[in-house]
Amino acid sequence: MDSDVLSPADAASGASAAGSPGASPALPRHQAPTDRPDAGHEWWRTAVIYQVYVRSFADADGDGTGDLAGVRARLPYLAALGVDALWFNPWYPSPLADGGYDVADYRAIHPMFGDLAEAEALIREAGELGIRTIIDIVPNHISHEHEWFQAALAAGPGSPERERFWFRPGRGEHGDQEPTDWVSSFQGSTWTRTTNPDGTPGEWYLHLFTPEQPDLNWNHPDVRAEHEDVLRFWFDRGVAGVRIDSAALPVKDEALPMLPVDPAPGQHPHVDRDEIHDIYRAWRAVADSYEQPRVLVGEVWLEDAARFARYLRPDEMHTAFNFDLMTQPWDAEAMRRSIRRTLAEHAPVGAPATWVLSNHDITRPVTRYGREDSGFAFDRKRFGTPTDLALGTRRARAAALLTAALPGCLYIYQGDELGLPEVELPREVIEDPMHFRSGGVDPGRDGCRVPLPWSGDGVSLGFGPDDAAEPWLPQPAAFAALAVERQEADASSMLALYRDALALRRDRDDLREGDLAWHELGADVIAFTRGGTVASITNLGGAPIALPDHRGVLLASSPLAAGMLPPDSTVWLAVEPAGDESA
Ligand code: GLC
């Protein structure tokens, strides 16, 4: 029954970093990372990493916005969930023109989240529970409020301060045409014109995102030195790694040409230029200079698999987000092809794959999988899209087990473990620039950033104290039934499924580290074994399927009926090792 066997790149990485999990799900499962005898182990090859969007996680001071004290108070929840690391979205001072991806000061914490001492306490306390910390670094741009940009504006044309950015005169007789025809990732223009002190129109500056996010000039030595120093600043505070935002974009063609029709790979004026790899090689050297090497995780959106893999060469990033599976529709053939492609593209560079069902930019899985168009693309998001949440939830449960069974590193975006849906927010509360820059056509990304429900009661369903201010984005009434407290009391909840899955993944070396072998169980089924002893079977078809021979059922995303796996479900089975006829 075996077809090809793929050895995951993590097979050589040795024993689990985890040790034995505690018996009680309410107790911390880990030793502190720094205390472990295997602290140098390449933990990131098989880690489960939980993404914390601080603003919406837990609000300890009751001002309606999440904060670091809220995260600290909920660390036992994260330990009980069974995650190895937390990735925090940008937590720095910022005017929040793009949810904090407009950083005003890299060496401080946004006052509404806390302060540096609080961040240090959080990193330490998480570490004591065996949970590592990854923070977000945004190299492509900074906030227009950052002191460098303010100095550049004040210093004027031709000044050294402006050379850290891309200031240019406009085209045309009056300089009123943009210097290039580049299109923003958020739609619209990539240039904004400045005003001279005397009120006349001045130079333009480049921003691939919003005007509040001026692009840095990575040919400038200050920009390179500053970022390496920022890395050390946080690594010295115990941060285990960085997530690198928009990692394929920072280097620009200095000539700032117009967009070519069909640029050769590496020759696009602002995407994935060949020179970019020098930056990450230098960062890797910084990361490797620590006794416990720090980890680089890239946000690399590139369709070309070979170009993507270049970022994962041994002297560059350790891992990068694999968004391919997340964009696929709920279709066995499309998803299987994506998984095979992903594993095949990672193998030659020796990097583990990552599995991502969503993040703070993406429509929530229970919503996505409940729609006719169940794939994901930024330009297909619309208000009022019909959604079958019961179907979507069933599929999201199946997808959670499928991805947790794949070889590599697993990401969980906060709230997905509760099965929270995407929220269709009233237009007047939306803050996301993607909404505004689409002319109001795209609902934007705030619908997956709504504050978490913890208790199901009170003004913010336990997100903040009972007498707290209303949460910064309104929670729908349906969030109450999905609150953590309610799900903890329900063995069939999404939360229980995630906890069970992560506990099994932690306990079982085969599931976490074993070779993957594909099995053919029909066109609508995704089936594989890990280590020859555990099988993951996902039924994406319309009819129940019979289970193959097995020793026992480990976990199922929906109840099995008469030994059959129902539609839109995944089951994990303990199976006899291949070739063992004794069962
Ligand atoms: C990344 C972030 C996104 C942000 C953008 C610009 O894609 O995930 O939230 O808007 O970069 O920094």
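Residues numbered from 1 in each chain as written. Predicted model: local features only at pLDDT ≥ 70, side-chain atom pairs only at ≥ 80, totals over all residues. Heavy atoms only, no water.

Enquirer: If you had to explain the site of the ligand to someone new, which residues and values would you point to?
Expert: Near the ligand there are 14 residues, and of these Asp98, Asp245, Glu299, His360 and Asp361 occur at the shortest range. Measuring from an oxygen atom of the ligand, one finds a side-chain N or O atom of Ser246 at 3.2 Å. Between His360 and the ligand, the recorded distance is 2.9 Å, taken from a side-chain N or O atom to an oxygen atom. Protein contact buries 95% of the 300 Å² of open area that the ligand shows by itself. Each residue belonging to the shell around the ligand can be placed in one class, and the counts come to three nonpolar, four polar and seven charged. (Near = heavy atom within 4 Å. Polar contact = N/O pair within 3.5 Å; in protein donor to acceptor, adjacent residues only side chain to side chain. Areas by Shrake-Rupley, 256 points an atom, 1.4 Å probe, with all protein chains shown as cover. Nonpolar A, V, L, I, M, F, W, Y, C, P; charged D, E, K, R; others polar.)

Enquirer: Please provide a residue-by-residue account of the domain arrangement of the protein, values included.
Expert: In terms of domain boundaries, the protein breaks down into domain 1 (27-141 + 222-254 + 265-499) and domain 2 (147-206). On a C-alpha basis, the centroid separation for the pair domain 1 and domain 2 is 32 Å. Every contact between the two is made by 15 residues of domain 1 and, on the other side, 13 residues of domain 2. Summed over both partners, the interface of domain 1 with domain 2 comes to about 1,200 Å²; 62% of that surface belongs to carbon and sulfur atoms. Linking domain 1 to domain 2 there are one salt bridge. Linking Asp222 and Arg164 is a salt bridge whose minimum nitrogen-to-oxygen distance equals 3.0 Å. Where domain 1 touches domain 2, the interface holds five residue pairs in polar contact (both at pLDDT 80 or more). At the level of elements, α5 (221-235) and α12 (433-437) are the ones that each hand at least two residues to the side of domain 1 that touches domain 2. Taken together, the residues of the side of domain 1 that touches domain 2 sort by class into six nonpolar, two polar and seven charged. (Domains from an automatic or database assignment. Contact = heavy atoms within 4.5 Å. Buried area = accessible area lost by both parts, 1.4 Å probe. Salt bridge = Lys/Arg side-chain N within 4 Å of Asp/Glu carboxyl O. Helix = DSSP H or I, 4+ residues; strand = E, 2+ residues; numbered from the N terminus.)

Enquirer: Requested: an account of the sheet that holds strand β5 (residues 167-168), with residues and values cited.
Expert: Strand order across the open sheet formed by three strands is β5-β7-β6, with antiparallel pairing between neighbours. Each having just a single partner strand, β5 and β6 (191-195) make up the two edges of the open sheet. As paired strands, β6 and strand β7 (residues 201-206) are joined by four bridges and run antiparallel to one another. Across the sheet, residue Thr192 finds its bridge partner in β7, namely Tyr205. (Pairing = 2+ DSSP bridges.)

Enquirer: Account for the environment of Pro352, naming residues and giving values.
Expert: Checked against the element boundaries, Pro352 lands in the loop between α9 (332-346) and β11 (354-356). Using a relative accessible area of 2% as the deciding quantity, one classes Pro352 as buried. For the pair formed by Pro352 and Arg45, sequence separation is 307 residues and the distance between their alpha carbons is 5.6 Å. (Buried < 20%, exposed > 50% of the residue type's maximum accessible area, 1.4 Å probe, protein only.)

Enquirer: Which residues make up the sheet that holds strand β4 (residues 132-137), and what values go with them?
Expert: Ordered in space as β10-β9-β8-β4-β3-β2-β12-β11, the eight strands form an open sheet in which the pairing is parallel. With one partner strand each, in any of the chains shown, β10 (319-320) and β11 form the two edges of the open sheet. Across the sheet, helix α6 (residues 276-288) lies against β4, β8 (241-244) and β9 (295-298), angled at about 150° from β9, the strand it touches most. (Axes fitted to C-alpha atoms, helices over the stretch in contact; angles between N-to-C directions.)

Enquirer: Kindly report on the side chain of Ser338, identifying the contributing residues and their values.
Expert: Structurally, Ser338 is set in helix α9. Taking relative accessible area as the criterion, Ser338 reaches 0% and is therefore assigned buried. Not counting chain neighbours up to four residues away, the residues in contact with Ser338 comprise Asp324, Leu325 and Gln328.

Enquirer: Tell me about the pattern of salt bridges, and please be specific about residues and values.
Expert: One pass over the full model with this rule turns up 40 salt bridges. The closest approach of N and O atoms between Asp245 and Arg243, which form a salt bridge, is 2.7 Å. The exposure class assigned to Arg243 is buried, which follows from its relative accessible area of 1%. Asp509 is the partner of Arg512 in a salt bridge, and the nearest nitrogen-oxygen pair spans 2.7 Å. Taken together, the residues Arg512 and Asp509, both in helix α15 (residues 509-513) and three residues apart, mark about one turn of the helix. What makes Arg512 buried here is its relative accessible area of 6%. Relative accessible area serves as the criterion here: at 49%, Asp509 is assigned to the partly exposed category. The network of salt bridges with common partners includes Asp98, Asp361, Asp432, Arg445, Asp446 and Arg449.

Enquirer: An account of the confidence of the model for the protein is needed here, citing residue identities and associated values.
Expert: Averaged over all residues, the pLDDT of the protein is 93; the fraction at 70 or higher stands at 92%. Highest mean pLDDT in the protein belongs to strand β2 (residues 48-52) (99); lowest belongs to strand β1 (residues 2-6) (37). Under a pLDDT of 50 for its full length, residues 1-37 has, in the predicted model, 93 contacts with residues more than four places off or in other chains. (pLDDT = per-residue confidence, 0-100.)

Enquirer: Kindly report on the nonpolar core, identifying the contributing residues and their values.
Expert: In summary, soluble globular proteins display a tendency toward joint burial of nonpolar side chains. Grouped together as the largest cluster of nonpolar side chains are 143 residues, with contacts concentrated most on Tyr50, Trp91 and Trp234. Each of domain 1 (27-141 + 222-254 + 265-499) and domain 2 (147-206) gives at least three residues to this core. What Trp91 contacts, discounting residues up to four positions off in sequence, is Leu68, Ala108, Ile109, His110, Phe113, Ala119, Leu122, Ile123, Thr133, Ile135 and Trp234. Counting eleven residues, the second largest nonpolar core, distinct from the first, contains Phe186, Leu249, Leu256 and Met434. (Core = buried A, V, L, I, M, F, W, Y, C linked by side-chain atoms within 4.5 Å.)

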